[in-house]
Amino acid sequence: MPKQRQGTPVSMLARQLKILDAFDAGTAFLTLSEIAERSGLPMTTTHRLVGELVEERMLERLPDRSYQLGLRLWELAARTPRAMGLREIAAPMVQLVQNQVRQHTQLGVEGGYDVVYLDRASRPDAVVNATIVGGRISLGASAIGHVLLADRPREFLAEVVASGIRRYTDSTPQTLADLVRVVQRVRQVGYAVAEGFVHPDARGMAAPICGPDGRVLAGLGVVVPSGGPVDMRIVELLRKAARGVSQQMRAAYIDPDHPHALPGAKFRVLINSSKSSMEYFADVQGDAADGVNSPEH
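Residues numbered from 1 in each chain as written. Predicted model: local features only at pLDDT ≥ 70, side-chain atom pairs only at ≥ 80, totals over all residues. Heavy atoms only, no water.

Q: How would you summarise the pairing of strand 10 (residues 216-225) if you had to cite specific residues and measurements?
A: Side chains on a regular strand alternate between the two faces of the sheet. Extensive coverage of strand 10 is indicated by the burial of seven of its 10 residues. Where strand 5 (residues 104-111) and strand 10 come together, five bridges link them in antiparallel fashion. Its bridge partner being in strand 10, His-104 is matched across the sheet by Val-223. When strand 9 (residues 202-210) meets strand 10, the two strands line up antiparallel, connected through nine bridges. Following the sheet pairing, Ala-207 is matched in strand 10 by Leu-220. Linking strand 9 to strand 10, which pair antiparallel, is a turn of five residues; within it Gly-214 sits at a positive phi near 85 degrees. (Buried < 20%, exposed > 50% of the residue type's maximum accessible area, 1.4 Å probe, protein only. Helix = DSSP H or I, 4+ residues; strand = E, 2+ residues; numbered from the N terminus. Pairing = 2+ DSSP bridges.)

Written as C-alpha cells, this is what we have:
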C-alpha cells in the first residue's frame, strides 16, 4: 500500500518523484531493483512507473538494463527562471570571479534546508571542494547558505538545525547558537566566511545576490585554501560581482512594457544574450501572438 500523507494516499506524481529522487550524483545509473529499494516502492509499482517515465523521456534505459535520468528533465530545468535563468544572468560574473581567484567559484540558491548549486567553475589544481552542479549542502554548513540565511528569521534557522546539519568537520555549525552566531556575523559585515566548515583544507566565502524585491535570492561564492587572514580583495570582488548580478536581475524582471525595459525583456528571466538575439526573441514572440508561425532553425 502507498504511504499515507495526512490520511491521503500518495499521488501518482509523488511516487514518480520518489523514483526520480532515487538518482543522485553518486548513483547516476540504477537498476530496476535499486530504484525500488531507494524509492521505497514495491517492485511491481516501480516497474510500471519506470516504464511510463521512460516513455515520457524522464528516464532513459541503457543497454545493460540500468537507467539514468532523461534529457527531458534538463529541457524542463532549462526553462526554470529561478534556476537556469539566474544561471544565465550570473554566468559572466561567475567567470569574472573565477578568472581572478582561480580556485572554485559557485552560484547557489535555497532549496528547502539546503543550498542547491546551479553553477560552478573550477581549476584542476584548486583546493578540495565538495559541491557539484545540481548538488546540495545544508544551508548551515555552506558560506552561500549563510548569506541566504541572513535574510531569514530565527525560526527558520531553528528549522535548519532541526532538519540536521551534516557534521563535515569539527567546525561545522551544529547547534542553533552556532548558526545564529555565524548568521549574525554575515548580517553585520555583508558577506560570509566558512573556515573549514565542509573540509579542513577549504575556506568558503560568499556574497548575497538580491532579487528585484531587494530580498536575498542567491549567493555567489568561492572556495579557496583555508588558513591565514581572509583576503579582503576576494571579499570585495565577490561583493562587486554579486551587486552586478543583482542589477541584472532587476533588469531581467522589469515589466516588458516599462519605458526602460531592454529588448526581449519578457525573456530575460531565462536568456542572457546579445542585443540582436533578444530583439529576435521579442519579434518571434510578437509573431506568435499574431498567429504567425515562428521561424525554424
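There is more to say, and it comes next.
Q: Residues and numbers for the packing of helix 2 (residues 32-39) against helix 3 (residues 43-55), please.
A: At a minimum axis distance of 9 Å, the contact between helix 2 and helix 3 shows a crossing angle of 115 degrees. Of the possible angle classes, the one that applies to helix 2 and helix 3 is roughly perpendicular. As for how helix 2 packs across helix 3, the hand of that crossing is right-handed. Taken together, the residues of helix 3 that come into contact with helix 2 (itself represented by Leu-32, Ser-33, Ile-35, Ala-36 and Ser-39) are Met-43, Thr-46, His-47 and Val-50. Grouping the constituent residues of the contact of helix 2 with helix 3 by class yields five nonpolar, four polar and no charged. (Axes fitted to C-alpha atoms, helices over the stretch in contact; angles between N-to-C directions. Parallel < 35°, antiparallel > 145°, perpendicular 65-115°, else oblique. Left-handed = near helix turned anticlockwise from the far one by under 90°. Contact = heavy atoms within 4.5 Å. Nonpolar A, V, L, I, M, F, W, Y, C, P; charged D, E, K, R; others polar.)

Q: Talk me through empty space enclosed by the protein; I want residue IDs and the actual numbers.
A: Tallied over the entire structure, the rule returns one cavity of 30 Å³ or more. One number sums up the size of the largest cavity: a volume of about 190 Å³. Tallying contributions element by element places strand 9 first for the lining of the largest cavity, with four residues. Looking at the lining of the largest cavity residue by residue, the classes come out as 14 nonpolar, six polar and one charged. (1 Å grid on protein atoms, 1.4 Å probe; cavity = no way out; pocket = protein on both sides within 12 Å on 5 of 7 lines; lining within 4 Å. Points joined across faces, edges and corners; volume = space filled by probe spheres on them.)

Q: Can you explain unusual backbone geometry? Please cite residues and give values.
A: Within the chain, Arg-65 stands out as a residue other than glycine whose phi angle is a positive 75 degrees. Inspection of the secondary structure puts Arg-65 in the loop between strand 3 (59-61) and strand 4 (67-69). Unusually for a residue other than glycine, Arg-102 sits at a positive phi of about 60 degrees. Mapped onto the elements of the fold, Arg-102 is located in the loop between helix 5 (81-101) and strand 5.

Q: Outline the sheet that holds strand 6 (residues 114-122), listing residues and values.
A: Spatially, the six strands line up as an open sheet ordered 7-6-5-10-9-8, and their pairing is antiparallel. Unpaired on one side and paired on the other, strand 7 (136-138) and strand 8 (192-195) mark the two borders of the sheet. Strand after strand, the sheet turns through a mean of 30 degrees between neighbouring axes, direction not considered. Packing of helix 9 (residues 232-252) onto the sheet brings it into contact with strand 9 and strand 10, and relative to strand 9 it is tilted by some 30 degrees.

Q: Quick rundown of helix 8 (residues 176-189)? Include the residues and the values.
A: Under the 1.5 Å per step criterion, the end-to-end length of helix 8 is 20 Å for 14 residues, consistent within 8% with the ideal 20 Å. Listed as buried for helix 8 are Leu-179, Val-180, Val-182, Val-183, Val-186 and Val-189. A positive backbone phi angle near 90 degrees is found at Gly-190, which sits one or two residues after helix 8. (Expected span 1.5 Å × (residues − 1).)

Q: Which residues make up the packing of aromatic side chains, and what values do they have?
A: What characterises a pair of aromatic rings is the spacing of the ring centres plus the angle enclosed by the ring planes. Scanning all chains against the criterion turns up one aromatic pair. Residues Tyr-113 and Phe-156 carry aromatic rings whose centres are separated by 5.6 Å and whose planes lie at 45 degrees to one another, so their mutual orientation is tilted. Taken as a pair, Tyr-113 in the loop between strand 5 and strand 6 and Phe-156 in helix 7 (residues 154-163) lie far apart in primary sequence, 43 residues in all. Among the residues examined, Phe-156 registers a relative accessible area of 8% and is labelled buried. Sitting above the plane of the Phe-156 ring, Arg-152 keeps its charged end 3.8 Å from the centroid. (Phe/Tyr/Trp six-rings, centres within 6.5 Å; stacked < 30°, edge-to-face > 60°. Lys NZ or Arg CZ within 6 Å of the ring centre and 35° of its normal.)

Q: Go over the pattern of salt bridges with me, naming the residues and quoting the values.
A: A complete count under the given rule lists 12 salt bridges for this structure. The shortest N-O distance in the salt bridge between Arg-87 and Asp-119 comes to 3.4 Å. Placement of Arg-87 in helix 5 and of Asp-119 in strand 6 is noted, with a sequence separation of 32 residues between them. The exposure class of Arg-87 is partly exposed, given its relative accessible area of 26%. For Arg-215, the salt bridge goes to Asp-151, with nearest N and O atoms at 3.9 Å. Taken together, the positions of Arg-215 in the loop between strand 9 and strand 10 and Asp-151 in the loop between helix 6 (143-149) and helix 7 put the pair 64 residues apart, joining distant regions of the chain. On the basis of relative accessibility, which here comes to 32%, the residue Asp-151 falls in the partly exposed class. (Salt bridge = Lys/Arg side-chain N within 4 Å of Asp/Glu carboxyl O.)

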